[in-house]
Amino acid sequence: MVLKRIVIYDIDSKIPNLALMKISAYHKKRGYDVKITKDIRYIRADYYFSSSVFHNERSNLKVSALLDLFGSDIQMGGSGFSLKTRLPDKIDACFPDYELYNHKKYAIGFLTRGCNKSCRFCLVPKKEGRL
């Protein structure tokens, strides 16, 4: 039975997650109901997505729990999961679904990509390359 539902797991975002908002927008345009949660639990749906921004013990435990729960049925991304994972162009081109987070304060996006600095704590140069 097709539910026409996707579930998005926001592992550790402190602010609205741009990639997850684009995934939501893409699927809503195709008639899917979108549910977002920070709780690691099973919710019946057609597709599952998650994003981990941070690579730390707490986030890694949630990623592992989702992989145990869904195996290869969940699509994972974010800097905390892999520096190589990218949104497909057709999803990345979508205008973000700000309603996903009930967000009305400010817009989120990129003015530039990359960085020429080499701060020890930062992964932007590794993920995005030089400015």
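Heads up: these notes are all about the structure in this document.

Thresholds applied
- Residues numbered from 1 in each chain as written.
- Predicted model: local features only at pLDDT ≥ 70, side-chain atom pairs only at ≥ 80, totals over all residues.
- Heavy atoms only, no water.
- Helix = DSSP H or I, 4+ residues; strand = E, 2+ residues; numbered from the N terminus.
- Rg over C-alpha atoms; globule rule 2.2 N^0.38 Å.
- Buried < 20%, exposed > 50% of the residue type's maximum accessible area, 1.4 Å probe, protein only.
- Contact = heavy atoms within 4.5 Å.
- Areas by Shrake-Rupley, 256 points an atom, 1.4 Å probe, with all protein chains shown as cover.
- Lys, Arg positive; Asp, Glu negative; His and termini not counted.
- Charge placed at Lys NZ, Arg CZ, Asp CG, Glu CD.
- Phe/Tyr/Trp six-rings, centres within 6.5 Å; stacked < 30°, edge-to-face > 60°.
- Lys NZ or Arg CZ within 6 Å of the ring centre and 35° of its normal.
- Salt bridge = Lys/Arg side-chain N within 4 Å of Asp/Glu carboxyl O.
- Expected span 1.5 Å × (residues − 1).
- Polar contact = N/O pair within 3.5 Å; in protein donor to acceptor, adjacent residues only side chain to side chain.
- Core = buried A, V, L, I, M, F, W, Y, C linked by side-chain atoms within 4.5 Å.

Considerations on the overall build of the chain
Okay, step 1: Helix and strand content of the chain: four helices and four strands.
Okay, step 2: Mapped from its N terminus to its C terminus, the chain presents α and β elements in the order β-α-β-β-α-β-α-α.
Okay, step 3: Since a compact globule built from 131 residues should have a radius of gyration of about 14 Å, the 15 Å found for the chain is in line with a globular shape.
Okay, step 4: Expressed along its principal axes, the backbone C-alpha trace of the chain runs to roughly 50 × 30 × 25 Å.
Okay, step 5: Considering the chain as a whole, with its 131 residues, one finds that 38% of them fall into the buried category.
Okay, step 6: Considering only intrachain contacts with a sequence separation of at least 6, the fraction spanning at least 24 residues in the chain is 75%.
Okay, step 7: Summed over its atoms, the accessible surface of the chain is roughly 8600 Å², and 54% of this surface lies on carbon and sulfur atoms.
Okay, step 8: Averaging the coordinates of the 24 positive side-chain charges in the chain and doing the same for the 13 negative ones gives two points 5 Å apart.

Considering unusual backbone geometry
Okay, step 1: The phi dihedral of N102 is positive, around 50°, even though this residue is not glycine.
Okay, step 2: N102 sits in the exposed class, given a relative accessible area of 57%.

Thoughts on the environment of R30
Okay, step 1: As for its placement among the helices and strands, R30 is situated in the loop between helix 1 (18-29) and strand 2 (33-37).
Okay, step 2: According to the relative accessible area criterion, R30 is partly exposed, its value standing at 40%.
Okay, step 3: Along the backbone, R30 and F54 are 24 residues apart, and their C-alpha atoms lie at a distance of 30 Å.

Here's the deal with the packing of aromatic side chains
Okay, step 1: All chains considered together, the criterion is met by six aromatic pairs.
Okay, step 2: Cluster of aromatic residues (ring-pair linked, three or more members): Y9, Y42, Y48 and F70.
Okay, step 3: Between the NZ or CZ atom of K4 and the centre of the ring of Y32, over which it lies, the distance is 4.3 Å.
Okay, step 4: For the cation-ring pair, R30 lies above Y26, with the distance from its terminal atom to the ring centre recorded as 3.6 Å.

Section: the pattern of salt bridges
Okay, step 1: Taken as a whole, this structure holds five salt bridges when the rule is applied.
Okay, step 2: For D39, the salt bridge identified is with R41, shortest N-O distance 4.0 Å.
Okay, step 3: According to the relative accessible area criterion, D39 is partly exposed, its value standing at 45%.
Okay, step 4: Its relative accessible area of 38% is what places R41 among the partly exposed residues.

Considering helix 1
Okay, step 1: Given a rise of 1.5 Å per residue, twelve residues ought to cover 16 Å, and the 17 Å separating the end C-alpha atoms of helix 1 matches this to within 8%.
Okay, step 2: Along helix 1, nine of the twelve residues are buried, which leaves the element largely enclosed by surrounding structure.
Okay, step 3: L18, L20, M21, K22, I23, S24, A25, Y26 and H27 are the residues of helix 1 that are buried.
Okay, step 4: Measuring from the side-chain oxygen of the N-cap residue of helix 1 to the backbone nitrogen of A19 gives 3.1 Å; that N-cap residue is N17.

Quick word on the nonpolar core
Okay, step 1: In this structure, I6, I8, M21, I23 and L100 are the most contacted members of the largest nonpolar core, which totals 16 residues.
Okay, step 2: Mapped by element, the contributors of at least two residues to this core are strand 1 (5-10) and helix 1.
Okay, step 3: Among the elements that make up this core, the one with the highest residue count is helix 1 (six residues).
Okay, step 4: Other than its neighbours up to four places away in sequence, L100 contacts I8, L20, M21, S24, V34 and I36.
Okay, step 5: Of all hydrophobic cores here, the second largest spans eleven residues; its members include Y9, I43, Y48 and M76.

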